[in-house]
Amino acid sequence: MRTKPHSKPLKMKINNMIVADTAPKMLCPDDFNLPYTLGGVPEEQQVILDSCFAPVSSLLEHSIKGLAAEGIPMFVGYGVLTGLAQVGIVRAGIEMRSDEMTRKWGEFIRTGDNDDTDTDDNDDKVKKLNEDAVKYKLPAIFNKASSYCGYYGGTLGFIDTGEAQDRWADPLILSQETIKQGGFKGVKLIEPYVVSPGYYNSVNPMADDYYKPTLWYVQGIPVHASRMLYFAENALPTILRPAYNFFGLSLAQKVLDAVSHFTGCRESANRLLEKYSLTVFKTDMTEILSGGMDTTLQQRIQYFVQNRSNDGCATIDKEKEDLVVMTTSLAGVTDLVRQAMEYVAAMFNEPVTKMWGLSPAGFNTGDSDLRNHYDNIESLQQKMFGEPMTRLCKLLQLNAFGEIDPAIEFKFAPLSEDDEALKITNNKTKAETNVMLMDAGVVAPEEVREQLINDPDSGFNNLEPYDPAAPSTDPLEPFDLSLDPLDSPDIERKEVTIDANFNESDHKRDADGKFTSGGGSSESGNELTKSAKELMGKEYKGYTGQKAIDKLLQEKNGHIKKRLYP
């Protein structure tokens, strides 16, 4: 009996024409031609431009390859940073931080270190400075400066004093001789990609100007560093400062890695969601696997899909086709995405509740996160705005008054409402403590007054220090017990008329020593009693010690029968 030989299995072969090309495109030099907006640049000029860029290109190529091989971060360039400014997550984080830093702004205040005793004049100065801050739009300028620091790592603010351009290379000294009253025009922010450092000391590390430019070139125009307000964040080691144009590490570059990982995680989760329900359609694939075209199969799948829905009907060949629906588990995907979000918030130094608007999880109420957020903002205000605001405080005083009052300074307002409530509670506790110490004789009122003046949170910084040479009507003037309060010139005296023919035996008295209704000259006695009452005035009860003295000096009339001190 002869057996039929086994047929040789077909070799799988798929036509290249039916396979989509998903390989990424490799970049070539032609992809970096001059932009079309420049028009038709002659070929010889293109060659000149390319040859001029060759040394820089070689240097950058070797540097980038070396840093990339070691995995070391490097300055990505202002072009990349400008592009990152258009990324939604990066922009949202930077703008949110800038708004927080200038949301409540602050005010100019006067501390108690000045010897000037004209309180009204000092109040007018502080009020004028606060008005000038609004006039010159300082809150908006500092908000924009914070944004530039977030995008580029720093920026410069040109101090416009109205001087000619040929004087900009000279130092600007903050004194009465150099700053004329009313000469200040404002501050103009300059993007860091249009400035270049000029002279800087790279030899003597002990000098104050070590790796600090004393001259900047703004589009080729030399400007002395003293005419610039320097804003920067995330200060870098000295050896890296020239590579970053003498500014700091931008927040955009700092969070780039975290944002990239979050974006990849989010996109992976989205792709996984698209594949959550996968339909497997089993059919005859002989023609395709043998190198044929897939036209018939594509038409079959299209016919199947157009009828497959919740209201439709899936039709298949019961002999040659089969249908299987596979679902993918999404367990843990939410946790992975949330961890990526928390990592981004951590790189921004922001709590998740503030960065993403998510509710706190578990037993966390979010109060501690907000407290850390406010502490971080206050720290950034001092690092980024401290020195520029100090210079502006002096400049505004010279512009408005022609002199600098060292007791006037700028203070940022607390961001948290809890801070204000805590300050009120602390001031109340301090006041109660001071009252107990004064009652015990440990401290004097003038010492408490001095404490209030020196305490920046007391709310009484504008009080004048105690002056021993002040008039005696000052409540803090030491009271001399040897003096009669009735001898004060402020008390109105009335003349008392006494009858010269008055005879004590002619006037009867009762057991208490009071005159009885009979006998004597009643008219003279009544006049004497009335004059004495008018002289003594109203009697004040319930006052002792310093309070009794203050009451008498306040009323300038009346009397207190009890002793001044118990």
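All values derive from a computational prediction rather than experimental measurement.

Peer 1: Outline the pairing of strand β5 (residues 215-218), listing residues and values.
Peer 2: The pairing of strand β4 (residues 195-197) with β5 spans three bridges and is antiparallel. Paired with valine 195 across the two strands is valine 218, which belongs to β5. Both β5 and strand β6 (residues 221-224) contribute to a ladder of four bridges, which runs antiparallel. If you follow tyrosine 217 over to β6, its bridge partner there is proline 222. Where β5 folds back onto β6 in an antiparallel hairpin, the turn is made up of two residues, including glutamine 219, whose phi is positive at roughly 50°.

Peer 1: An account of helix α7 (residues 256-274) is needed here, citing residue identities and associated values.
Peer 2: Relative to the 27 Å expected for 19 residues at 1.5 Å per residue, α7 spans 27 Å between its end C-alpha atoms, a close match to the ideal helical length. Where α7 is concerned, the buried positions are Ala258, Val259, Phe262 and Ala269. For α7, the angular spread of buried residues about the axis comes to 95°, placing them on one side. Seen from the buried face of α7, the exposed residues on the opposite side, beyond 90 degrees, are His261 and Glu274. Buried residues along α7 sit against α3 (88-102) and α10 (333-347).

Peer 1: So, the pattern of salt bridges: which residues are in play, and what are the values?
Peer 2: Pairs can form between side chains of opposite charge once their charged atoms are near each other. Following the criterion strictly, the structure yields 14 salt bridges and no others. A salt bridge links glutamate 100 to lysine 354; the shortest N-O distance between them is 3.7 Å. Of this pair, glutamate 100 sits in helix α3 while lysine 354 sits in helix α11 (residues 352-355), and the two are 254 residues apart along the sequence. The buried category is assigned to glutamate 100, whose relative accessible area is 6%. Overlapping salt bridges bring together Glu163, Arg167, Asp170 and Arg227 as one network.

Peer 1: Run through the sheet that holds β6, naming residues and quoting values.
Peer 2: Taken together, the three strands give an open sheet; going across it, the order is β4-β5-β6, and neighbouring strands pair in antiparallel fashion. Each edge of the sheet is formed by a strand with only one pairing partner; in this case those strands are β4 and β6. Across the sheet, the axes of successive neighbouring strands diverge by a mean angle of 30°, strand direction being ignored.

Peer 1: Would you mind going over the sheet that holds strand β3 (residues 186-190) in detail, with residue names and values included?
Peer 2: Spatially, three strands are ordered β3-β2-β7 in an open sheet, and the strand pairing comes out antiparallel. Since the sheet does not close on itself, it has two edges, and those belong to β3 and β7 (228-232), each with one partner. Neighbour-to-neighbour, the strand axes of the sheet open up by a mean angle of 25°, direction not taken into account. Two strands pair when backbone bridges link them, and strand β2 (residues 154-160) and β7 are joined in this way by five bridges, in the antiparallel orientation. The residue of β7 that forms the bridge with glycine 157 is leucine 229. Relative to β2, helix α5 (residues 138-152) is tilted by about 145°, and along the sheet it contacts β2, β3 and β7.

Peer 1: Which residues make up the packing of aromatic side chains, and what are the values?
Peer 2: Throughout the structure, instances matching the rule amount to 26 aromatic pairs. Ring geometry for phenylalanine 75 and tyrosine 78: centres 5.3 Å apart, planes at 80°, overall edge-to-face. What makes phenylalanine 75 partly exposed here is its relative accessible area of 23%. Taken together, the ring pairs connect Phe75, Tyr78, Tyr148, Tyr151, Tyr152, Tyr193 and Tyr244 into an aromatic cluster. Lysine 125 extends its terminal NZ or CZ atom over the ring of phenylalanine 401, reaching a point 5.7 Å from the ring centre.

Conventions we followed
- Residues numbered from 1 in each chain as written.
- Predicted model: local features only at pLDDT ≥ 70, side-chain atom pairs only at ≥ 80, totals over all residues.
- Heavy atoms only, no water.
- Pairing = 2+ DSSP bridges.
- Helix = DSSP H or I, 4+ residues; strand = E, 2+ residues; numbered from the N terminus.
- Expected span 1.5 Å × (residues − 1).
- Buried < 20%, exposed > 50% of the residue type's maximum accessible area, 1.4 Å probe, protein only.
- Arc of directions from axis to C-beta.
- Contact = heavy atoms within 4.5 Å.
- Salt bridge = Lys/Arg side-chain N within 4 Å of Asp/Glu carboxyl O.
- Axes fitted to C-alpha atoms, helices over the stretch in contact; angles between N-to-C directions.
- Phe/Tyr/Trp six-rings, centres within 6.5 Å; stacked < 30°, edge-to-face > 60°.
- Lys NZ or Arg CZ within 6 Å of the ring centre and 35° of its normal.

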